Amino acid sequence: KRVFINGLESYGSKNIAAILYECVPLSAYDEDEAEEQQKAFLLVGSVDRSDRGALDGSRADERRPSPPVKYLTSPAVLYAILSKSDRDELLLKLMQCDVVIYNITDHADQVEEAFWAVSALHNQMEHFSASKMFILISTVMTWARTETLDPEDPTLPLTDELFWRRRPHPNFKSQCDLEKRVVKLGSLNNAVFSTYVLASGCLYGKGEQFLHYFFKTAWQGGQDEIPLFGDGSNIIPTIHISDLASVIQNVIERPPLPSYLLAVDNSNNTMEEIVEKVACVLGSGKIQKKPIEEAFLISDFSVMEIDTMQLDLCMDSVYIRELLAVKWLYESGIVENIERVVEEYRQSRQLLPIRACVLGPPAVGKSTVCEHISQHYKLHHISLKEIISETISQLEYIVKNADAEDEDLLEETETLLDSLRAGLKTVCPSGVLDEQLKVKVVKDKLLSKPCRNQGYVLDSFPETCEQARELFSSDTDSSEDVTSSISSRRIIPEFVFYLDASDEFLKDRVKSLPESVIQERNYEQEPFLQRLAKHREDKLKNETALEYFDDMDISPVVLKITSNNESDFLLLMHKLFEAIGQPRNYDISAQDGRHQESRKDEKQMNGNVKSSSLLEKRQREEEKQRAEKSEEWRAKLEKVKLYEDKLLEAHTLPVRNYLLEHVMPTLSQGLAHCCQSQPQDPVDFLAEYLLMNNPFNY
């Protein structure tokens, strides 16, 4: 069948089209011949002309980053890609299709075109060469103000058969009117032109839509607590984009009798449960509740998405469960399937960690190279000294806040703390710190969620083959160690760089360093020469970490350092960047760009004579930004208040007019007579007066 779907540049339509293209006819599954069958659908799509570049990845959108979508540009997949601007041409193509799908879940401006499309097709029924089907993918926001079936039991679900009771969110009235129009037109001559409305739950999966902000914030790890806007106790009806596509396929190939279907999974998770689960898997696991008004200050959210976050509905897709044979992939919802959803999110947005390790003799420049790599790819720079300092701070906090009754834990923590403090006194890895303790603190860091999300660059560790084996390998003889084995594979470096230089060059470099740097890095003559000799000896004996990586089929890239010139260093970094490839991270947003510029300004101020004037300038800019944000927030709150006032006035005006016309004239006269007469029982007097002077004579 030839299927049309609108808005291929949008999240929903793009993914639905991709999934439908891969579908085989449902009959093939019944006959166990799915692999031998041809594709079920030939797709035709429309795009907004202004968003055409988004289809082939030619235009980057930091807010909705997505990889190039090959299926949208391949002639073997799509019959045509149309522009929405030419409706005569669009109607001609719609007439050539067996099924027309209009998705209005992404943008409100899609409603008007869908209204035109279903009306135009209905008017052309007499010219149909064969029966056609129109499917409207709507949203459960058209149910947002629907009253619960039982006020005492708000968890009693709303079902498809009660669609006539639905009451839309004020911002989704046009979508509700469109639903009514689609159902009505399909009931006039169902044999020729059948119509269906799929009220879709909030979509997730394949890179995320309204939940993208929470995934992105948790993945980046910049905030210790993931914000949750609102109370979070509201139930969010959801459905995975793949399951929605499966429902659509079933409706096309096995049309059900009801024309209005709810498309939601069985989860009924609250907003707090969803955000907390995302935070646990991708971030720190902590959330912070904030007023819903603060969501308006987040540029990642559209008004439609903010409305969606406040939805509170318990729903059940009775018709889909009873009438369609949907092969659910995520029927239990996002919380139960969070690991799969997160992996899908990473793959869809190409957010894959880069793991690199830089090794070499002392003073060869490993830390400088690691710093540049971490800045270029936005990775975590891991050095042994910094990890020990970080672990010491964490243990000191534990000791300070430990329960006095837990003596064993307190004693164990203090022992570990003393060992780390002793090891921190000697910066060099060959200090007094126990080898197993070194490996433990580094491995714990590599297994942390920030390192597993963005990746890392490991500075000067491991040094020996034994350290590398302890750090990246695990014994899998028992079933309990399987998880450990998987974790070890997830942290092993993809790229290993070995920087080398002659002993004479390294000695000359150390001699030219400032005394403060020599003391900080433990480059005094005797310790430095001992470390250098030890490194050369281990290399001759094939006992360095390079041997381990060779055994793991990770070929180290050896780079010779022969000069201290800046141009040679830039050439070295160019080689490193070429070896690693393109970043696998979010593009720098405008806000992050401003933060980076601010940090550069701060560094310049520290060593600049005019630091005071630059600081004043920076403070003025910050005050200006705060004032702009405050004004923006105030303006948005005023708009919300104005809208609520207008809505209240619209609701109360008929009542006010009725009272003024039919009640107030007689009531005012009665009150005036009551004041003049001043009877002992004024209420009885007023009641008798109103009965005697009733203008309607009931």
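Keep in mind the model is a prediction, meaning the values are calculated, not measured. (Residues numbered from 1 in each chain as written. Predicted model: local features only at pLDDT ≥ 70, side-chain atom pairs only at ≥ 80, totals over all residues. Heavy atoms only, no water.)

Peer 1: Account for helix H21 (residues 525-540), with residues named and values stated.
Peer 2: In this model H21 runs 23 Å from its N-terminal to its C-terminal C-alpha over 16 residues, within 8% of the 22 Å that 1.5 Å per residue would give. On its buried face, H21 is in contact with strand S17 (495-500) and helix H19 (503-511). Among the residues trailing H21, Asn542 stands out with phi positive, at a value near 60°. (Helix = DSSP H or I, 4+ residues; strand = E, 2+ residues; numbered from the N terminus. Expected span 1.5 Å × (residues − 1). Contact = heavy atoms within 4.5 Å.)

Peer 1: Just give me the short version of unusual backbone geometry, but keep the residues and values in it.
Peer 2: Across residues other than glycine, the phi torsion is negative in most instances, and most of the peptide bonds are trans. A cis geometry characterises the amide bond from Phe461 onward to Pro462, with omega recorded as 0°. Relative to the helices and strands, Pro462 resides in the loop between strand S16 (455-459) and helix H17 (465-472). Even without glycine at this site, Gln350 takes up a positive phi of about 55°. Following the sequence through the fold, Gln350 ends up in the loop between helix H11 (338-348) and strand S14 (354-359). With relative accessibility at 43%, the residue Gln350 sits in the partly exposed group. One non-glycine residue, Lys378, lies in the positive phi region at around 55°. Classification of Lys378 as partly exposed rests on a relative accessible area of 28%. (Buried < 20%, exposed > 50% of the residue type's maximum accessible area, 1.4 Å probe, protein only.)

Peer 1: Describe a nonpolar patch on the surface, naming the residues involved and giving the relevant values.
Peer 2: On the surface, Val655, Tyr658, Leu659, Leu660, Val663 and Met664 cluster together into a nonpolar patch covering about 530 Å² of accessible area. Broken down by element, the residue count for the nonpolar patch peaks at four residues, all from helix H25 (residues 611-662). Mapped onto the elements, Met664 comes out in helix H26 (residues 664-677). (Patch = residues over 30% accessible without salt bridge, like charges linked within 9 Å, V, L, I, M, F, W, Y side chains within 5 Å. Areas by Shrake-Rupley, 256 points an atom, 1.4 Å probe, with all protein chains shown as cover. Salt bridge = Lys/Arg side-chain N within 4 Å of Asp/Glu carboxyl O.)

Peer 1: How would you summarise the packing of helix H1 (residues 11-22) against helix H7 (residues 241-253) if you had to cite specific residues and measurements?
Peer 2: The geometry of H1 relative to H7 is characterised by a closest axis approach of 9 Å and an angle of 60° between their N-to-C directions. Considering their axes alone, H1 and H7 lie oblique with respect to each other. Where H1 crosses over H7, the handedness of that crossing is right-handed. Residues Tyr11, Gly12, Asn15, Ile16, Ile19 and Leu20 of H1 form the contact with H7, whose participating residues are Ile241, Ser242, Leu244, Ala245, Ile248 and Gln249. (Axes fitted to C-alpha atoms, helices over the stretch in contact; angles between N-to-C directions. Parallel < 35°, antiparallel > 145°, perpendicular 65-115°, else oblique. Left-handed = near helix turned anticlockwise from the far one by under 90°.)

Peer 1: For the packing of H19 against H21, give the residues involved together with the corresponding values.
Peer 2: Where H19 contacts H21, the axes come no closer than 12 Å and their chain directions differ by 155°. As the angle between them shows, H19 and H21 are arranged roughly antiparallel. H19 and H21 meet at a crossing whose hand is right-handed. Contact with H19, carried on its side by Asp503, Leu506, Lys507 and Val510, involves Phe528, Leu529, Leu532 and Arg536 of H21 and no other residues of that element. Of the residues contributing to the contact of H19 with H21, the split by class is five nonpolar, no polar and three charged. (Nonpolar A, V, L, I, M, F, W, Y, C, P; charged D, E, K, R; others polar.)

Peer 1: I'd like to hear about the pattern of salt bridges, residue by residue, with values.
Peer 2: The full count for this structure, using the stated rule, is 21 salt bridges. Its salt-bridge partner being Glu272, residue Lys289 comes within 3.5 Å of it at the nearest N-O pair. One end of the pair, Lys289, is in strand S12 (residues 286-290); the other, Glu272, is in helix H8 (residues 271-282), with 17 residues separating them in the sequence. Across the salt bridge formed by Lys641 and Asp645, the nearest N and O atoms sit 3.2 Å from each other. On the criterion of helical spacing, the pair formed by Lys641 and Asp645 is a turn pair, its members being four residues apart in helix H25. Relative accessible area serves as the criterion here: at 38%, Asp645 is assigned to the partly exposed category. One salt-bridge network, in which partners are shared between bridges, spans Asp500, Asp503, Arg536 and Lys539.

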